[in-house]
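Survey of secondary and tertiary structure
In case you want the letters, here they are:
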Amino acid sequence: MKRMTRRLLAMLLAALMMVSALPVYAAEEALNDNATFAPAGPGIDPEPIFCEDGTVMWFAYDDQAIYGFSVSTEGTLHFCFSTEGSGISKAYDFTDVPLLTGDFDLRSSEFRWSIWEYCMEQKNDAPYDIYVAERFEAVPFNSNRDFLEIMESVYGKEYDNKVLKTDTTSYRGYTIVVKEMLDISVVRNDHYRYKGNQKILEFVTSTIGQSSFMARNHAPEIAQAIKTMYNLPGDIFLTSGAVDFWNCTAVRHRYTEVNGKGPYSSTTKSDYLLGIDDYNDPVDVQVRVLEVQYTPNQSYYQESSYSSLIRDAYQAYN
């Protein structure tokens, strides 16, 4: 794909290694100030996002909501949150925040937790704005072919019954063959509008609970991908437009045959990725690894010799 950059591939490879719109009148009900939030506090992202213009933003989440925060170079604290499945983000701006005077360290999870506590204490008496996730139907700028080419550049093309190893020495009289299948899927997920001068935080927190593949703990990757795709220096969109989300999946299924029979021992590794694109304008599309799942466990994929699969195949055969 001509628009795919080497930088994008490098980012993806490195990562692999290591609303429907609700009516506005429902906003008050969906974001009731008296809602009970997890008393132990939220999960805080390990690292904030440091923007080129000096703004720092990060996310937190608990069992009921996702929270977004940003601190400007002037010391203004922006806070928003969206409850599970509401499709609505409620946003506040706080100035003269005592925690943001003197020396402070936004890299500290403990300090950012104290920011969360401050916002939760202040929000009931503060003015706010409401942002509603705006889903729309449109013909996307790209087809799934663009993301399929990215997936194939990383995983290779799909294949069936590829022989990884033939073992005739581990167990006398037994020929054990390890095979693998690769399935790649790219499916358009959802598409949401954004407005000029809208905070990335509001866009992410309001949309993330509306789409499959996107869980609350994925917010930092999605926000960073949007910043990179649009080359945004700060935490706001510069123009109006719309984002397309794509579900990208790569599933490797390994299994064994013993003396021509099987399958016996088997394992599956599923990589779930999110593709992000602008629905109308040419951009460097983004792909982020959201989750990797192993069935039954990861150990089968940590051995280049396939010894555990071969051993378990022998035991299952006998």
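Now for a quick tour of the structure. Keep in mind the model is a prediction, meaning the values are calculated, not measured. (Residues numbered from 1 in each chain as written. Predicted model: local features only at pLDDT ≥ 70, side-chain atom pairs only at ≥ 80, totals over all residues. Heavy atoms only, no water.)

Here's the deal with the overall build of the chain
Counting its regular elements, the chain contains 7 helices and 12 strands. Counting every position in the chain, which comprises 318 residues, the buried fraction comes to 49%. (Helix = DSSP H or I, 4+ residues; strand = E, 2+ residues; numbered from the N terminus. Buried < 20%, exposed > 50% of the residue type's maximum accessible area, 1.4 Å probe, protein only.)

Let's talk about the pattern of salt bridges
If you walk through the whole model with that rule in mind, you get 12 salt bridges. Asp312 is the partner of Arg311 in a salt bridge, and the nearest nitrogen-oxygen pair spans 2.9 Å. Overall, the relative accessible area of 18% leaves Asp312 in the buried class. Shared partners join several salt bridges into a network, and the residues in it are Glu134, Arg193 and Lys195. (Salt bridge = Lys/Arg side-chain N within 4 Å of Asp/Glu carboxyl O.)

Quick look at the nonpolar core
Counting residues in each nonpolar core, the largest one holds 31 residues, and the members touching the most others are Phe203, Val204, Ile222, Tyr230 and Phe245. Going through the elements one at a time, β3 (56-61), β9 (176-194), α5 (200-207), α6 (219-230), β10 (241-258) and β11 (266-278) are the ones with two or more residues in this core. A total of 7 residues in this core trace back to one element, the largest contributor, which is α6. The contacts of Val204, once residues within four sequence positions are left out, are Phe59, Ala219, Ile222, Ala223 and Ile226. Within the second largest apolar cluster, 23 residues are counted, among which are Phe69, Val71, Leu100 and Tyr118. (Core = buried A, V, L, I, M, F, W, Y, C linked by side-chain atoms within 4.5 Å. Contact = heavy atoms within 4.5 Å.)

What to know about the sheet that holds β10
Strand order across the open sheet formed by 5 strands is β8-β9-β10-β11-β12, with antiparallel pairing between neighbours. Looking at strand neighbours, the two that pair on one side only are β8 (159-167) and β12 (286-295), the edges of this open sheet. Averaged over all pairs of adjacent strands, the angle between their axes in this sheet comes to 20 degrees, without regard to strand direction. Note: β10 against β11, 13 bridges, orientation antiparallel. Pairing of Val243 across the sheet is with Asp278, part of β11. Sheet strands touched by helix α4 (residues 144-155): β9, β10, β11 and β12. Its angle to β9, the strand with the most contacts, is close to 145 degrees. (Pairing = 2+ DSSP bridges. Axes fitted to C-alpha atoms, helices over the stretch in contact; angles between N-to-C directions.)

A look at the environment of Gln64
Relative to the helices and strands, Gln64 is located in the loop between β3 and β4 (65-71). A sequence separation of 152 residues divides Gln64 from Arg216, and the C-alpha atoms of the two residues are 9.8 Å apart.

So, α6
Its 12 residues place the ends of α6 17 Å apart at the C-alpha level, agreeing with the 16 Å of an ideal helix rising 1.5 Å per residue. With 9 of its 12 residues buried, α6 lies for the most part within the structure. Every buried residue of α6 is accounted for by Ala219, Pro220, Ile222, Ala223, Ala225, Ile226, Lys227, Met229 and Tyr230. Asn231 occupies a position one or two residues after α6 and carries a positive phi of about 55 degrees. (Expected span 1.5 Å × (residues − 1).)

Description of the packing of α5 against α6
Put simply, α5 and α6 touch, their axes get as near as 10 Å, and they point 135 degrees apart. By the criterion of interaxial angle, the relationship of α5 to α6 is oblique. Relative to α6, α5 is oriented so that their crossing is right-handed. Of the residues in α6, those in contact with Ile200, Phe203 and Val204 of α5 are Ala219, Ile222, Ala223, Ile226 and Lys227. Looking at the contact of α5 with α6 residue by residue, the classes come out as 7 nonpolar, no polar and 1 charged. (Parallel < 35°, antiparallel > 145°, perpendicular 65-115°, else oblique. Left-handed = near helix turned anticlockwise from the far one by under 90°. Nonpolar A, V, L, I, M, F, W, Y, C, P; charged D, E, K, R; others polar.)

Side note on the pairing of β3
The element β3 is extensively covered by neighbouring structure, given that 5 of its 6 residues are classed as buried. Pairing of strand β1 (residues 43-44) with β3 involves 2 bridges; the strand directions are antiparallel. Residue pairing in the sheet places Gly43 in a bridge with Tyr61 of β3. Strand direction decides the pairing type here: strand β2 (residues 49-50) and β3, joined by 2 bridges, are antiparallel. Bridging across to β3, Phe50 finds its partner in Val56. Hairpin connection between β2 and β3: a loop of 5 residues separates the two successive antiparallel strands, and Gly54 in this loop has a positive phi of roughly 100 degrees.

Considerations on α5
Judged by how many residues are buried, α5 sits mostly within the fold: 8 of 8 residues are covered. Those residues of α5 lying buried are Ile200, Leu201, Glu202, Phe203, Val204, Thr205, Ser206 and Thr207.

Overview of the packing of aromatic side chains
Using the criterion set out here, one finds 23 aromatic pairs in the structure. With 5.4 Å between their ring centres and 65 degrees between their planes, Tyr194 and Tyr230 make a pair best called edge-to-face. Of this pair, Tyr194 sits in strand β9 while Tyr230 sits in helix α6, and the two are 36 residues apart along the sequence. Comparing Tyr194 with Tyr230 shows no difference in burial state: the two are buried. (Phe/Tyr/Trp six-rings, centres within 6.5 Å; stacked < 30°, edge-to-face > 60°.)

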